[in-house]
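# A look at the structure
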Amino acid sequence: MLKKTVALGSIVTALCGVTEANTGCHYKSGWLVGAHVGASFGKHDFTGTASAPGVSQTGKKSANKTAAVLGLFGGYRQIFNDGITLAAILEGNLYTTNNANATVRLFNTDFVNNAHRNYSFIPNIQIGKIFCSRYHVYLGLGLGISNIKTKASVPNTPFSVSASKTRVGFVPSVGFEYAATQNVSLLANVGYEIYGNSKKAFNLPNPPFAAGSGYAQSVKQNYWTVKIGAAYRF
């Protein structure tokens, strides 16, 4: 088994040597810009708490939703000896309306919870390795900055409120890049966006609810995002 592994490694090394000898390395240090499309698979964990003077009740419900993604990115990449790469990249994304809805029943009343995000910015650092002059794999760690809108309502009552908030989370990712030419690359990327809980408390109208009643909404969101795109390297 060890001999086969060594032999395979030797073949790959030889092929990479032939490729580099024929074409030269397609990557160099410099700026890059590009665009991507994809899909974002979100999980939303809602927690609702209804309260009246002296009493409260809490319920939980989850909802999954998928949204299309369209984005732009750009940044600078430095290439070191042996094909090691270090890049600072900023990307901006727009999402189709991906309303996630979950109903929590409290005190025999249906509280409808809704959440969706409109856009995000993700500055991230990427560390990678170039293989065979054309192939580049990398790991990234970014800071997700998303605009997320939440809503709470009770059907057939005056209670319907919404709030918009900028959320910050972490975005580890892994990516693959293929240098189609000396300046153009094709890319694929998978990232996992991790956001903490967002909490908001609202007063319930009187009537129909008792005086001093309220509803507190908490939502935790995580997203798997898959993107493919192209970049131009200067």
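That block above? That's the structure.
The shown structure was predicted, so the numbers you read here are calculated from the model rather than taken from an experiment. (Residues numbered from 1 in each chain as written. Predicted model: local features only at pLDDT ≥ 70, side-chain atom pairs only at ≥ 80, totals over all residues. Heavy atoms only, no water.)

Moving on, we get to the side chain of histidine 44. Locating histidine 44 in the fold gives a position in strand 1 (residues 30–52). A polar contact of 3.5 Å, which involves the side chain of histidine 44, links it to the side chain of tyrosine 223. Those residues in contact with histidine 44 that sit more than four places away from it in its chain are Lys61, Ser62, Ala63, Lys65, Ala100, Ala115, Val219, Lys220, Gln221 and Tyr223. (Helix = DSSP H or I, 4+ residues; strand = E, 2+ residues; numbered from the N terminus. Polar contact = N/O pair within 3.5 Å; in protein donor to acceptor, adjacent residues only side chain to side chain. Contact = heavy atoms within 4.5 Å.)

According to the stated counting rule, one finds five salt bridges in the structure shown. Residue aspartate 110 is joined to arginine 105 by a salt bridge in which the shortest nitrogen-to-oxygen separation is 2.8 Å. The partner of glutamate 177 in a salt bridge is arginine 233, and the shortest N-O contact between them spans 3.8 Å. Of this pair, glutamate 177 sits in strand 7 (residues 160–179) while arginine 233 sits in strand 9 (residues 214–233), and the two are 56 residues apart along the sequence. As far as the burial class goes, glutamate 177 and arginine 233 line up, both buried. One continuous salt-bridge network, built from bridges that share partners, spans Arg77, Glu177 and Arg233. (Salt bridge = Lys/Arg side-chain N within 4 Å of Asp/Glu carboxyl O. Buried < 20%, exposed > 50% of the residue type's maximum accessible area, 1.4 Å probe, protein only.)

Bringing the nonpolar core into the picture now. By size, the foremost hydrophobic cluster in this structure holds 11 residues: Ala50, Val104, Leu106, Phe111, Ala152, Val154, Phe159, Phe202, Leu204, Phe209 and Tyr215. In contact with alanine 152, not counting residues within four places along its chain, are Val112, Phe159, Ser160, Val161, Phe202, Tyr215 and Gln217. Within the second largest apolar cluster, seven residues are counted, among which are Leu32, Ala87, Tyr138 and Leu187. (Core = buried A, V, L, I, M, F, W, Y, C linked by side-chain atoms within 4.5 Å.)

The next subject is the environment of glycine 92. On the secondary structure map, glycine 92 appears in strand 3 (residues 84–95). Note on glycine 92: relative accessible area 21%, which makes it partly exposed. Taking the C-alpha atoms as reference points, glycine 92 and glycine 74, 18 residues apart in sequence, are found 9.3 Å from one another.

It is worth spelling out the side chain of serine 185 at this point. As for its position among the elements, serine 185 is in strand 8 (residues 184–203). A residue is classified by how much of its surface remains accessible, and serine 185, at 0% relative accessible area, is buried. Within the structure, the side chain of serine 185 is placed 2.7 Å from the side chain of glutamate 177, a separation counted as a polar contact.

What follows covers a nonpolar patch on the surface. A cluster of nonpolar residues, Trp31, Val33, Tyr76, Val184, Tyr232 and Phe234, forms a patch on the protein surface that exposes about 580 Å² of accessible area. Here valine 184 shows up in strand 8. Exposure remark for valine 184: the relative accessible area of 31% places this residue in the partly exposed category. (Patch = residues over 30% accessible without salt bridge, like charges linked within 9 Å, V, L, I, M, F, W, Y side chains within 5 Å. Areas by Shrake-Rupley, 256 points an atom, 1.4 Å probe, with all protein chains shown as cover.)

According to the stated counting rule, one finds 10 aromatic pairs in the structure shown. Note on tyrosine 192 and tryptophan 224: the rings are 4.6 Å apart at their centroids and 35° apart in plane angle, and the pair reads as tilted. One end of the pair, tyrosine 192, is in strand 8; the other, tryptophan 224, is in strand 9, and 32 residues separate them in sequence. Here a set of aromatic residues connected by ring pairs shows up, and it is made of Phe111, Phe159, Phe202 and Tyr215. The cationic tip of arginine 117 hangs over the ring face of tyrosine 95; the distance from NZ or CZ to the ring centre is 3.9 Å. In this arrangement the basic side chain of lysine 129 is found over the ring face of phenylalanine 131, its NZ or CZ atom lying 5.0 Å from the centre. (Phe/Tyr/Trp six-rings, centres within 6.5 Å; stacked < 30°, edge-to-face > 60°. Lys NZ or Arg CZ within 6 Å of the ring centre and 35° of its normal.)

A few words now on the pairing of strand 1. Direction of pairing for strand 1 relative to strand 2 (residues 55–79): antiparallel, over a ladder of 23 bridges. Note on strand 2: the bridge partner recorded for serine 51 is serine 56. The antiparallel pairing of strand 1 with strand 2 creates a hairpin that spans two residues between the two strands, and glycine 54 there sits at a positive phi of about 85°. (Pairing = 2+ DSSP bridges.)

By themselves these figures say nothing about function.
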